[in-house]
Structures are given as structure tokens and as C-alpha cells.
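Here are the chains, one letter per residue:
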Amino acid sequence: MKEKPALDLNKIRARLESAQGPLYWKSLEELAETEEFQAFVEDEFAGRSPEWIHPANRRNFLKLMGASLAMAGVTACTKQPKETIVPYVRQPEDFVPGLPLYYATAMQMGGVGTGLLVTSHLGRPTKVDGNPDHPGSLGASDYFHQASVLTMYDPDRGKAVSNKGQISSWVSFQAALGATRERALLKNGDGLRILTETVTSPTLSAQIQGLLKEMPSAKWHSYEPCGRHNAYRGAMLAFGRPVNSIYHFDQADVIVSLDADFLSCGPGNLIYARQFADKRRVMTNVTHTPQPKEDEQEGYQAGAIPSRPNQSAGYADENRGPINLPPQVQAQGKPPGETTQNRLYVMEPSPSPTGGMADHHFVVRASEVEAVAWDLAAALGLSGATATGKLKEAAAIARDLQAHKGACVVVAGDHQPPAVHALAHAMNAALGNAGKTVTYTDPIEGNPSDQLESLRQLVADMNAGKVDSLIILGGNPVYSSPADLDFAAALKKVAVNAYLGLFPDETSVQTTWYVPEAHYLESWSDVRGLDGTISFVQPLIAPLYGGKTAHEVVATLAGNPGKLPYDVVRDYWQTQHNAPDFEIFWAKALHDGVVPNTAFKTVEVSAKTPQPSAAKPAQGIEIVFRPDPTIWDGSFANNGWLQELPKPQNKMTWDNAVWISPATAQQQNLNTEDVVELKYQGRTVTGPVWIMPGHANDSVTVHLGFGRTRAGEVGNEVGFNAYLLRTSTDPNAGFGVELRKVGGGHSFATTQHTQTMEGTAPVRVAGLEEYKKKPQFVEESQDDKPLPKYLTLYPDYRYEGYKWGMTIDLNACVGCSACVVACQSENNIAVVGKMEVTRGRHMHWIRVDRYFKGNWDNPELYYQPVPCMQCENAPCELVCPVAATVHSGDGINQMVYNRCVGTRYCSNNCPYKVRRFNFLLYSDWYTESLYGVRNPNVTVRSRGVMEKCTYCIQRINAAKIQSEKENRRIADGEIVPACVQACPTQAIAFGDINDPKSRVAQLKAQARNYSLLEDLNTRPRTTYLGRLRNPNPEIEKG
Amino acid sequence: MKIEELEQKAIDPGPDKIIAPGFNYATVTDKIANTVLMPVEKTPRQWWVTLLIAFMAMQGLVAGSFWLFYKGVGVWGIVIPIAWGYAIVNFVWWIGIGHAGTLISAILLLLKQDWRTSINRFSEAMTLFAVAQAGMFPILHMGRPWLGYWLIPYPSSMWLWPQPRSPLVWDVFAVTTYLTVSLIFWFIGLVPDLATMRDRAKHKWQALTFGMLSMGWRGSAKHWSRYQMAYLLLGGLATPLVVSVHTVVSFDFAISLLPGWHTTIFPPYFVAGAIYSGFAMVVTLAIPARKWFHLEDLITMRHLDCMGKLMLGTGLIVAYGYMMEAFMSWYSGNPHEMFMYMNRATGPYRFFFWMLIVCNILIPQSLWSRKVRQNVPRLFFVSLVVNVGMWLERFIIVITSLHRDFLPSSWGMYYPTQWDWAVLTGTIGFFLLLMTLFVRVLPSISIFEVREVLHHLAPHIADDDLAPQTGMGD
């Protein structure tokens, strides 16, 4: 701007004097009527170059304007503008104020998409669930899906494009990218690199491939810190080509997992867990005919003392289900004697939920899994396989596998070296499993590659000065790339670098440009599922913070600045489905959440037995790197729900730890809460020790994803950063870590302090053979003293209408904890932070209890989800002085927050300790962006109020209202509480016990049905089905 | 003996007398009234020191409750599963302490134990002040204290009443009734003495204050006759309350299904414990008070001896309660009950459990010996130990039962925070403050009742100014 001339004071004075009437003025400049001031008034955005005057930019501007107008017409899921609320003149289709809408979309983890159904309240996405039509979900979801909605509302997300730390604009970035394009075009793309995470989006792949076609010398690198490079290399080793392995556990009677945690993490875990549980589920053919109740018998007089002889008989027959079942419940199934179950062998170094489900769990160091695999291969008679003698049960397992040829499967974990994968492929081929329990398809990735190698090349090129422009799309490579590559240092040698990411994080501070990324709930895209099925990603809301998608960045780079992601995706699909019915196809695929017939065809491949990998010197203690169970590779570090979610194995929150076996701890003279310095390949980090029963000896496990410095308010400085030790040569496990105790007294925030059942029997377990002989094994417990049938003179309350109940099948529960986060999301449950969890004040309405049984070196693991039992004789109701917790007419123990004065007596008297108390103001009342994530149908609790599981009363009532409008009874399965909905294994069933055909009534009629602490006569409505183990008799005996 | 002499030195007449020789009606009145009417500058220095300490300790309560109301009950150490902590421990402890006064006044009145006269006013005041401390806790303890009135049955616009099956509602009735009756009983007992104060007042404001409080008492025969009847009736009314209050408080625990709480022995065991702690507190307070105000001749070794015996007796009932708890947990055959007792004795809080056994059972056995009962420092020590022991008892009952109940997955630990301690010391400070003020501004020993005792003991000295030459047996 020109320098301001001095003000002409005389002129001002003259003007003021000559003025008639009141003269309002803002500044002396205005009074002086200088030229500058006039210009200032005319230029609304003074000091900025007017975009529309510049011819090139005006075109962009108009494009943007036009596109946004078009967008406004096509989507019903934009953020509501801030204006006076008036009724719709023309109401959007299906929209009823107060009722939510559901949109199908998809979320990718490690590139693999899962179809989702997202609940939208007045344009706000509030809850994420699985899409029942999607083959990778079947309606289930895991906690990453559930918690992703919180990330979308995260106030720490990137809000502005920045250049060298200064706030800039998308338009300037587009200009810069345009310049990069011009430069790259001149060099045929040489020096231009794109770094993505694993990309399976056909549109994005096509975009990037198109770009590479235009500039053949440009390169596309992919890197995923917890990716599947071993699986890729294993497939290359076995088949000579990349394939995508899909397992079919629904056809497998015997499963051998070589360090594969297929039930709880990794691609396909939801569907795998479902298939696994289906083979494990036991439904017995029963006809349940209870004896007539005493008060219905002839000669019954109210108040009469019931006759004694009936008591035990009545108990044995009827009271197994503590809530009276309706007469004649019939369950379809096999007689107990014919029950079958699959059998799972797990060999792993570090306990996983899959290991917890194992019938035989072998604790094997990560480096020795390959040896174990060779043993197994040798026992199976694979040519070229030599036994190492590490697994003495190999012969027995091999016999079991061979007895189930074509109906068994060997699964190699993604953390295991390529040789193990190749061996698994070879064993599956030898056992005739290929094409039956495991099928192979083309890789789903748009850029199938050895990602570690890809990154290593990129860094080498960057260091060599061969890269002048690097566009990073997602990920957080500065934080998560292997320590030996030193990505940050290499980045400094790249002239133009840009980073598109959800958060301003460790990477964004190192790059020149940072562009906030649109969350998947704000984006248009598409993604492939594990079997290749494509789902569209459609936005539920306009980007909250103006985030951009990778499609837009690549489009800009490809010379289409301003092309909107909607157009990019739609245009791509128009080329894929070039038919007159495109509109119908498009609308249907968007509605259903899957693009029909896009699953890959299976390919025939022949596996060859690999060579044993060069043995690394097994010196000292082994270090195993794993993604964290709840915050994964660190990308969820700023998500409070996931930080506070107890890790399935050790119920620890808000931390990572150095997992170590009890024996090694003793040997190293370490204890839980000690702080050790880990020295590995010359690098050190310091972290606290956690003694993990069932961990391999001479081995430590560290979890990645913690120790973030720029994750955001929630995730900063939580835990230690294990990436600092991880090298590209040994990304999964390596030898020679040194432990040195440097301190003690680290405070862990765990939600369960007692590890064992302490002589009680909350979880009841039997072997399959035992069950066949005695299906009522659950009665054999110490807690289970026969209760007199009538402990009260009053007759039971008669539930004429509905009588809600729940069963949890411990046979099916894999302890994955998806229910916990689903419940948190549905019921607006507060996050309390590490300090409060340390004290024992976490708020989860459903918790997954974990018990160890047996010896510490290789214990059995049992999971037990515990929501409110909704007792018929609820001890909490009796003691509340203000009637804030009362029984409903359909049997639910209700909590009336408004009435609660907070005496906490109910919690004391609850034998299950499922009640949670707002000791302080835990709900975040002040962060505005988090208002949006709340379910408007559930009260946000204030301080001083008790809360607990309600069986999702809001959903029950919504269904009731609907059924009453339609003058019918609620059908079985119509009400789905959040935990039931999320559960990948359908372990939880909910419904009307009064309906003899309901699933829950049938499950309650099962011989395995028992209630927790039934000797207290609380008569819970939530009951459990005892767990069955199916050990190999040959091994069990030896 | 002149009043000046009495003021200077007070001779304990030993364990046989309830009043020292040498007193007549006038000197009794002079002596006791003097503690109230003495000029400010003559107040014993220890009184000032105690007042200051008590006032400072009370700030814990002020700050503690301010912070509590501002932040929520989360400032305390309570968690799930131990949702009740110091607030309930302190509540039960203070309520227990508040039992001695009414017991001494009412039951001993009905039993015609005339040694009670020297200490009944004092212990009644202690009762009131202890119940006042206790009464604060249910409010402080609530998650939403501003809604505490919902526990009171009143015709609310929400058409909701308290839930009558909850023992917390019974508590409201029991404690408020007890507080009301104790207050009336104490005040009625004060009226004749207040009139004495009015008549002997040295300043106009004193005369006016005491005059108003004495409600026109003129000492006529009719007044006395009605007074005696009213006092007796109130005594009769208060007597069942001594038993009922702590019975109801024990129901807070006994009604629940928690091992360690769900016990039928709780009502008698709680009442005995309450009286035990109440007597201990009376002894704890009486010993310094009689020393500083030179009241050894009125609160004699005989009183201390009697109270020692009562402590021993109630302590043995409490010991029996402990024994029965242990026995029943074994005899029930219930694994949860058995575990609960084993956990108390060997679990993480075992130190406090064994401390409790030492404080409440072992050390008080020394009271069998006269050498302890009739030795002021020793008795004082035992009384302090019992106070601590009874607090520990409530701690053990509340905390250890809760911290490990049925499902091992939910077990936890309770660690009090500084705010827990602040409120506890704060109430002790407040209680001491009230007691300290009381002994200075109101006659802490019943003048007219001591005179009555004097009359019963030696009617001949009633009118002349001669001290009796021989001791007065009881």
C-alpha cells in the first residue's frame, strides 16, 4: 500500500463546522475524505488482491461458485447454515425433524474399506455403525469406526491451509501446486513424488495413474506404518505375484494362527470374527416347559407360605434362567451330544484377543514363529521343510489338520516375515485349503508394492536430491516412518513439499505447505473392501474446517484445480458405468453403500515352499513392535474415546508400556510400573514396564502410536514413542534390545486391577466333551447354591407386554471391545482422562472384564462383557432415597438423572458395580465443536449424577412409538442396542423374553445360560451363556 | 472456703466422692457461674490456645466444603467401587460420639445415677455439637447437595416423595428427631441455670441475654414441679432415641447386600459402639476442661472411674460384635462373607484392621485395672485410643467391605485426598470450637443439679456456710 499522506486538519475542521445536523464519523480519515479512504470504502476486502479482476483466477472463482451451487442442490447432508429457523418450504425427502437419517458410507483402515451406516441428526453425523449390506461388515463395526465420528468433530483438527507456518489459503495452495505442475511437466514429472498411505480407492488410483501417465517420470510411493508389506512379500515369495488372501473361517474346522490376530485387528477382522464365532456358537435343541408357577397353581392363596417340596424342583427346572421364561420356548439346534466347534491353535509372542480365544495357545517368541511354522510344515510333510523341534505338539496339530483337509486353515500374521506367509500359503495348498478356506484375488491396492521398500527408495531419492516436489497425502510420515530413514531430515532437502492431513501434526510442521484434510465423513470418495467390493464414501456434512480431499489435491496437480471431489468421483464412475441407467446405478450404489458385483474374482495360484529366511543371530532380548490395540499407528492418538478404551489384553488406558513376561521380569529384576530405558540399535526410549502373563520370555512388546508431540490436546505426550526404535530393516521384531531400569512408580490407568477370578466363577467354562456329557455345566459353580424358589411372599410382577432381556454368549465374545465405544458414542458417555481413570472413575456403561486362569506363563484368557444386569430384584432401586432409579413396566431398571441427588448408595449396593458416577463435571460442556457429536436423544449428564446402561432406552422407545403408530407388536430384532449392533460376533442378543420365538428367549432356554451372582437373588435380565473350549484331546492329555 | 480459694485450687476428692468436701450451695453456684462470668482477662490461657487451634482447624472445613461445592465430590478419594468414603465414616463416627450425652442425661437420669450431674450438661452439649458435625456430612457427601431437601417429605410440585424403602430416608428422620430432642432436652436442662446466670450477671448485656434465654424462670415451686415433670418426660422420650438413631444408621449398611454390611448384628453392635465412642469423647474433653477451669472438685475421680467402667463395658459389647462378625462370616458358609473377613484381616487394609483391634479391644482392657481408671493421664490416653479406634472401625466397615465385593474385576482401592482430611480435621476443629465456646459462655456443669446432689448428700449444710467435715459418700 502507498504511504498514507498526512491529514489535512484544516479541511476536517472546515467540514465539521459546515455540517448540518448530526454527522457521524468513524475516523479522521473519513472526515478528511481522502482518496485512500474512498478507495478503502470501495474495496470491501481492502489489502487483498481482488481475485475476480485477474482473468485466470476469475475463472477459478466462477468454477468454485458454480460447483458449490451445484453441490448445494445434490446433497442433503450439508452443515445447516446459521440463519433464522423457518420451516422448510419444500421438505427434503425422508426428512422428519427429530428423527435421524441414515447414510451409507465407508471408512478405510490401512486402505481396506468397511461399509458403514452413519446416523445423522439434523445434518450432524452422530453415530457410526456397520452397513449390513457390506460384505466386510455385515452390520458390525469396530471401535475405530465407532470412534471416527469423534475425530471428525475434534477441535484440534487442522483449520487452515498454511505455508511455512503462516496462514494461507486454498487458492494460494492451488496456485503453488499449479506452478509445481508447470515445472514438473517441463521435466516429464521428474522430481515429482506423491506419497500416500495404502490407497484402494479406484478413483484416486485412477487419478494418480492418470497423472503418472501425463508425467511418466513422476513416482507414486505408498507407506503405511502398520501396513501389510510382509503379506505382500510373502505372496511374492510363494506365488511370484501379489495376491490378496481372503480367509473363510466359516468353512474352517481347524485354524492355526501363526501370530495372526485376525479376530481383532487387521483387514477383514469383523467378518473373520463373525465367521469364527459362527463356527463356535452352540445352539442346543431345547424345549423349555416351566412348571406352573406356584401362584398359578390350584389352591394358591396370596400370602400363603409356599410348600417346601416344590422349591428345589422348581429351581432346577425353571430358575436357571432367573427371569421366568414364557412357556414353550423352542430353540432350534443340535442335541448337545452332536455339538461341534472349530478348534483354534495360536502361536504368538504377545497375547492378543485371538490368542485369548485359542483352544491351544503356544507362547512363542516372534522370531521363533517361523521355526514353529517349519515344524508344522515338516509334520505335514511339505517337501523341503525341515523340523526345528521348537514345537513338540507339531505332529498332533498336523494330524488334526490332516483330518480336516480342505476344512482347515493356516493364517500368518502381518507382523511375521515373508517366509512365514509363504509357508502358510504352502501349507494351505498342501492341505487342499486353497480355494476353500482361503481364496486369492488380485490385490485391492491401487499401487501394490512393498511399502517399506517404496519408502526407503523415496527417502534415498530425497537425500540424493532427486526429489524437488513431494506431495504427502495423509499419513504422518515424519512421526511414523522408520527411525533409520530419518524422513524429517530428508524432507528438508525437498524444495516444494506439501502435506494433506487431518491434523496439524509432526509432519505438517516440517512441510512448507499444510492443507487440512477433510474427514471421511466430510468427503466424496470410494474405497475397496477386503474382497474388492467397492463402496462409495459420501459426506454426511460439509467440511467443518474447510478440509480438502486427496482427490482435490491430485486434481489440482493434474491441472484441474477446483474440480470438486464429488465431480471427480462421479466422473470416474461415469467412465466405469457408461450406461443410460447411470443415475439409477449411482443413486442405488450410494443408497446401498456397495457397488454391486465389484468383488474380485478369485485367482488360481500355486504356492511353492519358500526357503528358510536367513536366520538372524538370536542374541539377547527380542523386541516386538505392534500397533497399539486402541490408537493403532498413532492416527487415533487424539481420540479420547480410544485413549480411554481399555486395551483388551491388560485393561490399560491412556498409555503404552513395555510388555514383558513374568519370568523375564523376574530375571531382569523388573516389576510393573518400573520405568526402563530401552536401548536398541543405538537408539533409546524410556517407557514403563507392564508384566504381561502369557507373553513370550526374553521378549518385549512395545506398542506404536504413542509419544506424540503434536497430536492435539488429548494425545500429546501420552506414553512413549516406540517408532524411535523401529527401523526399516526390522520393522516388526528384532534382537538385542537392552533394558535398564531408570526409575519406578509409573502410574498406569487401568480399569481392572485384579487379574484372576479369585475363586469365584463369573466366567463359567467347560470343555466341549464335558458339555456333551453334561450340558448344565454352568450349574456346577461355587456361586451357584440352589436358591429357594420363593424368597418373598409376594407374587412376581406380571409383565403383560414386553419383558426385555439380554444374553451374552461367552462362546462368541472375542473381547474386541467394540461394544464399549459403541455404547460411549450412542449414550454420550464422557471421557474422564488419565488421572480419573487411575483413581477408578472411568464411565463406561459396558465393560469387558478380562480374567486369567492357569499359570502365569501361558494362562487362559477369558473375556466377559458386563453391562447393567437390569435385575428383577434390583438392589439399587431399594436403597435410592429419592426414587431416582426405578423399575419400568417392561422390566428395565431405569435411571432418572433429573431426580438423582448423588448419594451413590445404588452403586455400593450393586453387586456388579456397573453404575458410574459423575464425581466431577465430566461431560465437556464447553468445547463447542463437540456439541455436534452428541446423541440428541440421550441426556448429557451433569456432575453429581449416577448413570448406567439403559439397554439403550432411547432406541427401545423409538421402536415402541413406531410400533404403536402401526398398531403392532415390536418384532424380534427390531430394537438393537448399540452394543448389540456393533458386536462383530453377535455375541450379545437383546429382545423380548415374553416372546417365545425371540432369539433372546431361545438363548435363555439354553442349558449354558446362567446369571452372574445368582445366589444373591437379584434375578438379572442380562444372562451369560457359558463358554466352551474345544481342545485337542491328543494335546490336552499330554 | 471462699470462692477465691476454690478458684485457685481444686482438690480432687478421689474415687469415692462425686463432689469435693467444702462445698455449699453458694460456693457451688459461685464456682460454676464463675467459669462463665469471670472477666475476659482471667480466662485460662489454655482456653485461648484451644480456641485458636480449633478455629484454625475449622478452616479445613470451610475451605474443604467451598472447594467441594465448587468442584464436586470428586475432590475426595471416593471412586467406584468405594463410593462412600470419609464423609460416611465421619458421619457415623460423629453420630456415635453424639450418643453419650443423651445416654448420660436420659438413661442415667431414669436409672437415678446421681453421679451423672456433674457431666451431663457437658456431655449433652457434646452430643449436640457432635450431631451437628454429623449432620453436615450427608449434605456434603451428596453429588448434588443443593437438592438435599428432596430427602425430606414435602408436598413437591413434582408429586414425588422420598423413597421410603431406603434407609437413607430413615436416617433423615432418625437424625433430625435426635437432634431436635437433644436440643430441647439440653435447653430445658439449662433454663434454671440460665436464670442463675441472669441473676448473677455482671454486665447489662449478660443480664439481657441470659434473661431472654431463661424464659422468665423465677424458681417458684410451681416452676420446679413442672420442670421436673417435663425433664423426666423428655428423658423418657430421649431414651429410645439413643437406641434408635444408631440402629437406623446401622441400617444404612445392614439393609444392603454387601458382605460385611449385610449383618443382623449391626444395630446392637452400632449402638454399643456409639456409646463406647461417646464416653471416650466425654472423657477426652472432660479431663482438660476440669483441669483448666479447676473443676476437679466437681468432676471428680469418681466420675472418671465410672466412665472408665462404662467404656470397658460397652467396649466388651463391641468386642463381642467383632467376634460375632467373624464367627458368622465363617458359620454362614458364604464364600463372599468368608472372603470379606479374610480380606479385612489380611488384605491391603489389614494394618487398619489390626490397629482397630488394638485400639478398641486390647488397649481398653487395661480399664479393668483401677490404676488406669483412676489415673488421669492413662485414662486420657485410653479415651483417645478409643476415639481413634472407633473411627477406624467405621473406616474398616465402610471401606474394606466396598473395596472388594463380588466381582474381582471391579475391585479397587481407596486413597483419601487432602480434602478428605481437610473436612475431617475441619469438623474436629469446629466441634472443639463449639465446645470451647460452650464451656466459657454457658454453665458447663449443671448448677442446680449439683446443688440438689449436695442437698441429698448432706441436707444439714444446706443453709449454713460451713463446709462438711466428713466426706460425702454416694
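Please read these numbers as outputs of a predicted model, since none were measured by experiment. (Residues numbered from 1 in each chain as written. Chains lettered and ligands numbered in written order. Predicted model: local features only at pLDDT ≥ 70, side-chain atom pairs only at ≥ 80, totals over all residues.)

Chemist: Tell me about the overall build of chain A, and please be specific about residues and values.
Modeler: Along the backbone of chain A there are 31 helices and 40 strands. The buried share among the 1038 residues of chain A stands at 55%. A separation threshold of at least 6 residues defines the contact pool for chain A, and within that pool the share at least 24 residues apart is 75%. (Helix = DSSP H or I, 4+ residues; strand = E, 2+ residues; numbered from the N terminus. Buried ≥ 20, exposed ≤ 12 C-beta atoms within 10 Å, placed from the backbone. Contact = placed C-beta atoms within 7 Å.)

Chemist: Please set out the overall build of chain B residue by residue, giving values where relevant.
Modeler: Looking only at helices and strands, chain B features 17 helices and zero strands. For chain B, the C-alpha radius of gyration of 23 Å lies close to 23 Å, the compact-globule estimate for 474 residues. Residues classed as buried in chain B amount to 51% of the 474 residues present. Considering only intrachain contacts with a sequence separation of at least 6, the fraction spanning at least 24 residues in chain B is 82%. (Rg over C-alpha atoms; globule rule 2.2 N^0.38 Å.)

Chemist: Outline the sheet that holds strand E25 (residues 683-691) of chain A, supporting the account with residue identities and numerical values.
Modeler: All names here are of chain A. With mixed pairing, the six strands of this closed barrel are ordered in space as E21-E26-E23-E25-E24-E27. Within this sheet the neighbouring strands show an average axis-to-axis angle of 45 degrees, counted without direction. In this sheet, strand E27 (residues 733-743) lies alongside strand E24 (residues 675-680) in antiparallel orientation, the contact comprising five bridges. Opposite Leu678, over in E27, you have Leu739 as the bridge partner. (Pairing = 2+ DSSP bridges. Axes fitted to C-alpha atoms, helices over the stretch in contact; angles between N-to-C directions.)

Chemist: Tell me what's going on with the confidence of the model for chain A, and back it up with residues and numbers.
Modeler: Residue and element names in this part refer to chain A. Here chain A shows a mean pLDDT of 83. Residues at 70 or above account for 86%. Between the elements of chain A, mean pLDDT differs from a low of 35, seen in helix H10 (residues 310-318), to a high of 94, seen in strand E36 (residues 946-947). Across residues 70-78, where pLDDT falls below 50, the model places 14 contacts with residues more than four positions away in sequence or in other chains. Of the regions scoring below 50 in pLDDT, residues 291-321 engages in 31 contacts with residues more than four places distant in sequence or in other chains. (pLDDT = per-residue confidence, 0-100.)

Chemist: Got a sec to walk through the pairing of strand E31 (residues 847-853) of chain A? Specific residues and values, please.
Modeler: Residues and elements named next belong to chain A. Across the seven residues that make up E31, a large majority, five, are buried. As paired strands, E31 and strand E32 (residues 860-866) are joined by seven bridges and run antiparallel to one another. Bridge pairing in E32 places Arg847 opposite Val866. Hairpin remark: E31 followed by E32, antiparallel, with six residues in the connecting loop; positive phi at Gly854, about 95 degrees.

Chemist: So what's going on with the domain arrangement of chain A? Residues and values would help.
Modeler: Many analyses report the size of an interface as the accessible area lost when the parts associate. Residue and element names in this part refer to chain A. The domain architecture assigned to chain A consists of domain 1 (9-42), domain 2 (162-229 + 447-523 + 541-578), domain 3 (244-267 + 343-441), domain 4 (621-750) and domain 5 (765-1033). Taking the mean C-alpha position of each, domain 4 and domain 5 sit 32 Å from one another. Between domain 4 and domain 5, the residue contacts involve 15 residues of the former and 19 residues of the latter. When the residues that make up the side of domain 4 that touches domain 5 are grouped by side-chain class, the tally is eight nonpolar, five polar and two charged. (Domains from an automatic or database assignment. Nonpolar A, V, L, I, M, F, W, Y, C, P; charged D, E, K, R; others polar.)

Chemist: Outline the sheet that holds strand E12 (residues 343-348) of chain A, supporting the account with residue identities and numerical values.
Modeler: Residue and element names in this part refer to chain A. Overall, parallel pairing links the four strands, which are arranged E13-E12-E9-E14 in an open sheet. Lying at the two open borders of the sheet, with one neighbouring strand each, are strand E13 (360-363) and strand E14 (408-412). On average, adjacent strands in this sheet sit at an angle of 10 degrees to one another, irrespective of strand direction. Bridge analysis of E12 against E13 gives four bridges, and the strand direction is parallel. By the bridge assignment, Tyr345 is partnered in E13 with His360. Across the sheet, helix H14 (residues 418-430) lies against strand E9 (254-258) and E14, angled at about 170 degrees from E14, the strand it touches most.

Chemist: Any details on helix H24 (residues 818-826) of chain A? Residues and values, ideally.
Modeler: All names here are of chain A. Among the nine residues in H24, nine count as buried, and that is most of the element. Among all positions of H24, only Ala818, Cys819, Val820, Val821, Ala822, Cys823, Gln824, Ser825 and Glu826 are buried. Following H24 by one or two positions, Asn828 adopts a phi angle in the positive range, close to 55 degrees.

Chemist: How would you sum up the nonpolar core? Please name residues and give values.
Modeler: The nonpolar side chains of soluble globular proteins are, as a tendency, buried together. Core analysis: the largest hydrophobic core is formed by 409 residues, its most contacted members being Leu258(A) and Leu376(A). For this core, the leading source of residues is helix H10 (residues 266-292) of chain B, giving 16 residues. If we skip the residues at most four places from it in the chain, Leu376(A) touches Val256(A), Leu391(A), Ala394(A), Ile397(A), Ala398(A) and Met427(A). If you look at the next biggest cluster of nonpolar residues, it comprises five residues, including Leu194(B), Ala195(B), Phe210(B) and Trp217(B). (Core = buried A, V, L, I, M, F, W, Y, C linked by C-beta atoms within 7 Å.)

Chemist: Explain the environment of Lys392(A) to me, using residue names and the numbers behind them.
Modeler: All names here are of chain A. With respect to the helices, strands and loops of the structure, Lys392 is situated in the loop between helix H12 (369-379) and helix H13 (394-403). You can call Lys392 exposed: it has 11 C-beta atoms within 10 Å. Distance in space between the C-alpha atoms of Lys392 and Ile1035 is 9.9 Å, their sequence separation being 643 residues.

Chemist: I'd like a rundown of the interface of chain B and chain A, residues and numbers included.
Modeler: Across the contact, 39 residues belong to chain B and 43 residues belong to chain A. Per-element accounting of the side of chain B that touches chain A gives the leading share, three residues, to helix H7 (residues 167-200) of chain B. By residue class, the composition of the side of chain B that touches chain A is 25 nonpolar, 10 polar and four charged.

Chemist: Give a detailed account of the packing of H12(A) against H14(A), specifying residues and quantitative values.
Modeler: Residue and element names in this part refer to chain A. Two elements in contact, H12 and H14, have axes whose closest approach is 10 Å; the angle formed by their N-to-C orientations is 20 degrees. If you check the angle between H12 and H14, you find them roughly parallel. Handedness of the H12/H14 crossing: left-handed. In this structure, H12 contributes Val369, Glu370, Ala373, Trp374, Leu376 and Ala377 to the contact, and H14 contributes Ala419, Val420, Leu423, Ala424, Ala426 and Met427. (Parallel < 35°, antiparallel > 145°, perpendicular 65-115°, else oblique. Left-handed = near helix turned anticlockwise from the far one by under 90°.)

Chemist: Break down the pairing of strand E16 (residues 469-473) of chain A for me, with residues and values.
Modeler: Strand residues, when the strand is regular, have side chains that alternate between the two faces of the sheet. Buried residues dominate E16(A), accounting for five of its five residues. The alternating pattern of E16(A) places Ser469(A), Ile471(A) and Leu473(A) and Leu470(A) and Ile472(A) on opposite faces, both of which are buried.

Chemist: So what's going on with H7(B)? Residues and values would help.
Modeler: End to end, H7(B) covers 48 Å across 34 residues, agreeing with the expected 50 Å (1.5 Å per residue, within 8%). Most pronounced at Val191(B), the bend in H7(B) amounts to some 40 degrees, and the proline Pro192(B) follows within four residues. (Expected span 1.5 Å × (residues − 1). Bend = angle between axes of the 7 residues up to and from the residue.)

Chemist: Just give me the short version of the packing of helix H4 (residues 86-97) of chain B against helix H15 (residues 376-403) of chain B, but keep the residues and values in it.
Modeler: Residues and elements named next belong to chain B. Packing of H4 against H15 brings their axes to within 9 Å, and their N-to-C directions diverge by 140 degrees. One element, H4, and the other, H15, form an angle in the oblique class. Our pair here, H4 against H15, has a crossing hand that is right-handed. When H4 is examined against H15, the residues Ile88, Val89, Val92, Trp93 and Gly96 are found in contact with a partner set consisting of Met390, Trp391, Arg394, Phe395 and Val398. Grouping the amino acids of the contact of H4 with H15 by side-chain chemistry returns eight nonpolar, one polar and one charged.

Chemist: So what about unusual backbone geometry? Which residues, and what values?
Modeler: Working note: non-glycine residues mostly have negative phi, and peptide bonds are mostly trans. Ile80(B) connects to Pro81(B) through a cis peptide bond whose omega is 15 degrees. The phi torsion at Ser817(A) lies on the positive side, around 75 degrees, for a residue other than glycine. Among the secondary structure elements, Ser817(A) is positioned in the loop between strand E30 (804-809) and H24. One non-glycine residue, Arg904(A), lies in positive phi territory at about 65 degrees. Checked against the element boundaries, Arg904(A) lands in the loop between strand E34 (893-895) and helix H27 (905-908).

Chemist: Tell me about the environment of Glu738(A), and name the residues and values.
Modeler: All names here are of chain A. Relative to the elements of secondary structure, Glu738 occurs in strand E27. Of the residues examined, Glu738 has 13 C-beta atoms within 10 Å and is grouped as partly exposed. Residues Glu738 and Ala558, 180 residues apart in the sequence, show an inter-C-alpha distance of 50 Å.

Chemist: Got a sec to walk through the confidence of the model for chain B? Specific residues and values, please.
Modeler: All names here are of chain B. Taken as a whole, chain B shows an average pLDDT of 84; of its residues, 92% reach a score of 70 or greater. At the level of individual helices and strands, chain B shows its lowest average pLDDT in helix H1 (residues 3-8), which scores 52, and its highest in helix H13 (residues 350-362), which scores 92. Under a pLDDT of 50 for its full length, residues 464-474 has, in the predicted model, 21 contacts with residues more than four places off or in other chains. The ipTM, which scores confidence in the relative placement of chains, is 0.89 for this predicted complex, and the corresponding pTM is 0.85.

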